[in-house]
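# Structural description and commentary
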Amino acid sequence: MTDIEIIKRVDDGANYYIRLFGDAPHMESIDNGVYRVVRPKQGEHGIRFIADVRPELLNKKKIREIKRLRMPVWWGLLISDDLYRLVYHKKRKKNMEIKPGDELYMAAFPGEMISHEKAKLARRVETPDDFARWAKSMCDILSGGFPDIHPQHHYPLCQRGALRCYYIEINGQIASTAAIMMDGANASLEFVATNPAHRRQGLAGGVSVAAVNDAFACGAEIVTLRAMNPGTRELYTSLGFKIYNEALGL
């Protein structure tokens, strides 16, 4: 698999992530054949995104529609500079206004993950109550309590195996979380978060390794991730992930 093919897998994982958010009773996902709008229904809470953009079908009318929606757009790393200038009337920065070097496109293949002593502490979410606890803990850490993941409406994703959630518990409290989104042979690592009181103890590494190894055991051929937060380069490369966008200057 070439580096460009791997980067395409990372972009596919991001689009799949957004589609899964829309696959819940409190959300709506509207595909007009050129792009997809994912947003909460009236009176509900959740993410708002435009994704699955098909650049080859864009025209001035569709670009005006996208602008009027005033929603974040997931373009993917491989959007052309010409298209970006057409949409935003300015020179493109790396991946949707993210400064160069801020976002890492990473991937791991079977056999590349290291062993990790804290992985044995990780547990997979198996029940609705476990999922509600996992969702609350993850949202508290990553988004200040904003309910990106609904504790009831997104649980069916776990039931059908599209979303596989993991956590490490310390003294009866969830200290670290991770999840795998499964799309056939493609999988992505998501929602890695550790409570500030339990950081620098190897918990994020342990729960990530447990999640990724489980994905490979379930048939994944590649696990991708997008990493932006400080320290993630050191964390994920130490676990066995490799960076694919920097060598290509993307």
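Predicted model only: the values in this text are computed from it and were never measured.

### Concerning the nonpolar core
Here is a general trend for soluble globular proteins: nonpolar side chains tend to be buried in one another's company. One finds Phe131, Trp134, Ile149, Leu163, Cys165 and Phe191 to be the most contacted residues of the largest nonpolar core, which totals 39 residues. Considering every element that reaches this core, the biggest residue donor is helix H1 (residues 3-22), with nine residues. Those residues in contact with Leu163 that lie beyond four places of it in its chain are Phe131, Leu157, Cys158, Ala179, Ile180, Met181 and Phe191. Of all hydrophobic cores here, the second largest spans 31 residues; its members include Ala204, Val207, Val212 and Leu239.

### Topic: the environment of Ser238
Looking at where Ser238 falls in the secondary structure, it is placed in helix H7 (residues 232-239). Spatially, the C-alpha atom of Ser238 lies 8.0 Å from that of Ile114, the residues being 124 residues apart in sequence. Side-chain polar atoms of Ser238 contact the backbone oxygen of Leu235, separated by 2.6 Å.

### What to know about the environment of Asn186
Relative to the elements of secondary structure, Asn186 occurs in strand S8 (residues 186-194). In sequence terms Asn186 and Ile222 are 36 residues apart; their C-alpha atoms lie 5.6 Å from each other. At 2.5 Å, the side chain of Asn186 forms a polar contact with the side chain of Arg9.

### Regarding the sheet that holds strand S10 (residues 242-243)
With mixed pairing, seven strands are arranged side by side in an open sheet as S5-S6-S7-S8-S9-S4-S10. One side of each edge strand has no neighbouring strand; the edge strands of this open sheet are strand S5 (123-124) and S10. In this sheet, S8 lies alongside strand S7 (residues 173-183) in antiparallel orientation, the contact comprising seven bridges. In the sheet register, Asp183 faces S8, and the bridge partner there is Asn186. Its contacts with the sheet put helix H4 (residues 128-143) on strand S6 (163-170), S7 and S8, and the angle it makes with S7 is roughly 100°. Of the strands in this sheet, strand S4 (104-108), S5, S6, S7, S8 and strand S9 (222-227) touch helix H6 (residues 203-217), which is tilted by about 30° from S7.

### Topic: the sheet that holds strand S3 (residues 49-51)
One open sheet accounts for three strands, arranged S1-S2-S3; its pairing is antiparallel. Taken across any chain shown, the strands that pair with only one partner, and hence form the sheet edges, are strand S1 (27-31) and S3. Going from strand to strand, the sheet's axes swing by 20° on average, the running direction of each strand aside. Judged from the five bridges that link them, S1 and strand S2 (residues 36-40) form a sheet pairing that is antiparallel. Directly across from Ile30, in S2, lies its bridge partner Val37.

### Description of the pattern of salt bridges
This structure, assessed with the given rule, holds 14 salt bridges. With a shortest N-O distance of 3.2 Å, Asp31 and Arg36 are connected by a salt bridge. Looking at Asp31, the relative accessible area reads 36%, which means it is partly exposed. Between Glu169 and Arg133 there is a salt bridge; the shortest N-O distance is 2.6 Å. Of this pair, Glu169 sits in strand S6 while Arg133 sits in helix H4, placing them 36 residues apart in sequence. Given a relative accessible area of 31%, Arg133 falls into the partly exposed group.

### A closer look at the packing of aromatic side chains
One pass over the full model with this rule turns up seven aromatic pairs. Measuring from centroid to centroid gives 5.6 Å for Tyr17 and Phe191, while their planes differ by 35°, and the two rings are tilted. Of this pair, Tyr17 sits in helix H1 while Phe191 sits in strand S8, and the two are 174 residues apart along the sequence. Accessibility expressed as a relative area gives 17% for Tyr17, which makes it buried. The interplanar angle of 85° and the centroid separation of 6.3 Å between the aromatic rings of Phe21 and Phe191 together place this pair among those described as edge-to-face. In this pair, Phe21 sits in helix H1 while Phe191 sits in strand S8, placing the two residues 170 residues apart along the sequence. The buried category is assigned to Phe191, whose relative accessible area is 8%. Its guanidinium or amino end placed over the ring of Tyr17, Arg226 lies 5.8 Å from that ring's centre, counting from NZ or CZ.

Conventions and cut-offs
Residues numbered from 1 in each chain as written. Predicted model: local features only at pLDDT ≥ 70, side-chain atom pairs only at ≥ 80, totals over all residues. Heavy atoms only, no water. Core = buried A, V, L, I, M, F, W, Y, C linked by side-chain atoms within 4.5 Å. Buried < 20%, exposed > 50% of the residue type's maximum accessible area, 1.4 Å probe, protein only. Helix = DSSP H or I, 4+ residues; strand = E, 2+ residues; numbered from the N terminus. Contact = heavy atoms within 4.5 Å. Polar contact = N/O pair within 3.5 Å; in protein donor to acceptor, adjacent residues only side chain to side chain. Pairing = 2+ DSSP bridges. Axes fitted to C-alpha atoms, helices over the stretch in contact; angles between N-to-C directions. Salt bridge = Lys/Arg side-chain N within 4 Å of Asp/Glu carboxyl O. Phe/Tyr/Trp six-rings, centres within 6.5 Å; stacked < 30°, edge-to-face > 60°. Lys NZ or Arg CZ within 6 Å of the ring centre and 35° of its normal.

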